[in-house]
Amino acid sequence: FSGAERVAIAREVRQASSCSLCSQRKAALSPYQVDGSHDTASELSDTIIEVIHRVVTDSARLTKPWFDGIIQQGLKVEEYVEIIGTIVNLFSIDEFCRGMSIPLNELPEPVAGEPSNYRPANIVEDGDGSWVPMCPNTVDSGPESDLWEGRTGYVIRALSLVPDEVRTMLDLLETHYINNSQIWNVKHCPRGTLSRIQMEVVATRVSSFNGCFY
């Protein structure tokens, strides 16, 4: 996406939480029982808006048929991954601000230019069983060798079709949580007054509250 489109995606991420259609779908036994139009904050396509709003408001009920339908509507898989990356990165910052009771950051002015359309050469097309293609679990050489050391989990690999989305997420991960290379070291606590075990208790409770699959 262009810079302007990415900012529009970010604006739509913030709009989703107040969308009346999303609220009705969330309350319904099935989201497919409720028809209507999303309350939007951008000129993005209906398909992109549907992805943003469903992921932000009702991610626990997303299904592979839903994803396949989105792709059949013309959205490229690379675009889907970039949307997810933008959602993840903006939402994590916004939720921190809400948790601290401070104003949300203003969205940046978009920078002019065309997207690179870069696609890694070593992509596993079937994603090892995932919905989207991904880099291999181990990447020891090449442009993507900086993404992770050794092996990593699907939660990191899921964005690797668009490698810069992984780099941004890992940068935020280290700021908000811990360096990815230290995830498995349960004695490592980089900062603050909480022990690593206490950090994990908080993370587990929040993940459970948010219906996180992992």
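The model shown is predicted, which means the values in this text are computed figures rather than measured ones.

Before going further, it helps to examine unusual backbone geometry. In this structure, Asn 117 takes a positive phi of about 60° despite not being glycine. Positioned with a positive phi, Asp 128 is a non-glycine residue whose angle comes to about 55°. Mapping Asp 128 onto the fold places it in the loop between helix H5 (77–99) and helix H6 (154–157). For Asp 128, a relative accessible area of 41% puts it in the partly exposed group.

Of note, Glu 125 is situated in the loop between H5 and H6. Note: C-alpha distance between Glu 125 and Ser 160 (35 residues apart in sequence) is 12 Å. Glu 125 has contacts with Arg 119 and Pro 133, leaving out every residue within four places of it along the chain.

Let us look at helix H2 (residues 20–27). Along H2, the residues classified as buried are Leu 21, Cys 22 and Arg 25. Projected onto a plane normal to the axis of H2, the buried residues spread over an arc of 95° and lie on a single side. Those residues of H2 that are buried lie in contact with helix H1 (3–16) and helix H3 (46–58).

The biggest cluster of nonpolar side chains holds 38 residues, and the ones touching the most others in it are Ile 9, Ile 48, Val 51, Ile 52, Trp 66, Tyr 80 and Ile 83. When contributions to this core are tallied by element, the ones reaching two or more residues are H1, H3, helix H4 (64–72), H5 and helix H7 (163–176). Those residues within four positions of Tyr 80 in sequence are excluded, and the remaining contacts are Val 51, Trp 66, Phe 67, Leu 75, Trp 131 and Val 132.

Attention now moves to the packing of H1 against H5. The interhelical angle for the contact between H1 and H5, taken along N-to-C directions, is 55°, at an axis separation of 10 Å. Judged on the interaxial angle alone, H5 and H1 are oblique. Note on packing geometry: the crossing formed by H1 with H5 is right-handed. Within the contact between the two elements, H1 uses Arg 6, Ile 9, Ala 10, Val 13 and Arg 14 and H5 uses Glu 82, Ile 83, Thr 86, Ile 87, Leu 90, Phe 91 and Asp 94. A per-class count over the contact of H1 with H5 returns 7 nonpolar, 1 polar and 4 charged.

Before going further, it helps to spend a moment on the environment of Val 81. Mapped onto the fold, Val 81 is located in helix H5. Exposure remark for Val 81: the relative accessible area of 2% places this residue in the buried category. Residues within four places of Val 81 in sequence aside, it is in contact with Val 132, Ala 158, Leu 159, Leu 161 and Val 162.

Aromatic rings considered in pairs are described by the distance between their centres and by the relative angle of their planes. The full count for this structure, using the stated rule, is 3 aromatic pairs. Note on Trp 66 and Tyr 80: the rings are 6.4 Å apart at their centroids and 65° apart in plane angle, and the pair reads as edge-to-face. Of this pair, Trp 66 sits in helix H4 while Tyr 80 sits in helix H5, placing them 14 residues apart in sequence. Given a relative accessible area of 7%, Trp 66 falls into the buried group. By relative accessible area, Tyr 80 is classed as buried at 7%. Summarising the aromatic geometry, the rings of Phe 67 and Tyr 80 are spaced 4.9 Å apart at their centres and angled 70° between planes, so their arrangement reads as edge-to-face.

Next up on the list: the pattern of salt bridges. Under the defined criterion, the tally for this structure stands at 15 salt bridges. Between Asp 58 and Lys 26 there is a salt bridge whose closest N-O contact spans 3.5 Å. On the criterion of sequence distance, the pair formed by Asp 58 in helix H3 and Lys 26 in helix H2 is long-range, its members being 32 residues apart. With a relative accessible area of 3%, Asp 58 lands in the buried category.

What counts, and at which threshold
Residues numbered from 1 in each chain as written. Predicted model: local features only at pLDDT ≥ 70, side-chain atom pairs only at ≥ 80, totals over all residues. Heavy atoms only, no water. Helix = DSSP H or I, 4+ residues; strand = E, 2+ residues; numbered from the N terminus. Buried < 20%, exposed > 50% of the residue type's maximum accessible area, 1.4 Å probe, protein only. Contact = heavy atoms within 4.5 Å. Arc of directions from axis to C-beta. Core = buried A, V, L, I, M, F, W, Y, C linked by side-chain atoms within 4.5 Å. Axes fitted to C-alpha atoms, helices over the stretch in contact; angles between N-to-C directions. Parallel < 35°, antiparallel > 145°, perpendicular 65-115°, else oblique. Left-handed = near helix turned anticlockwise from the far one by under 90°. Nonpolar A, V, L, I, M, F, W, Y, C, P; charged D, E, K, R; others polar. Phe/Tyr/Trp six-rings, centres within 6.5 Å; stacked < 30°, edge-to-face > 60°. Salt bridge = Lys/Arg side-chain N within 4 Å of Asp/Glu carboxyl O.

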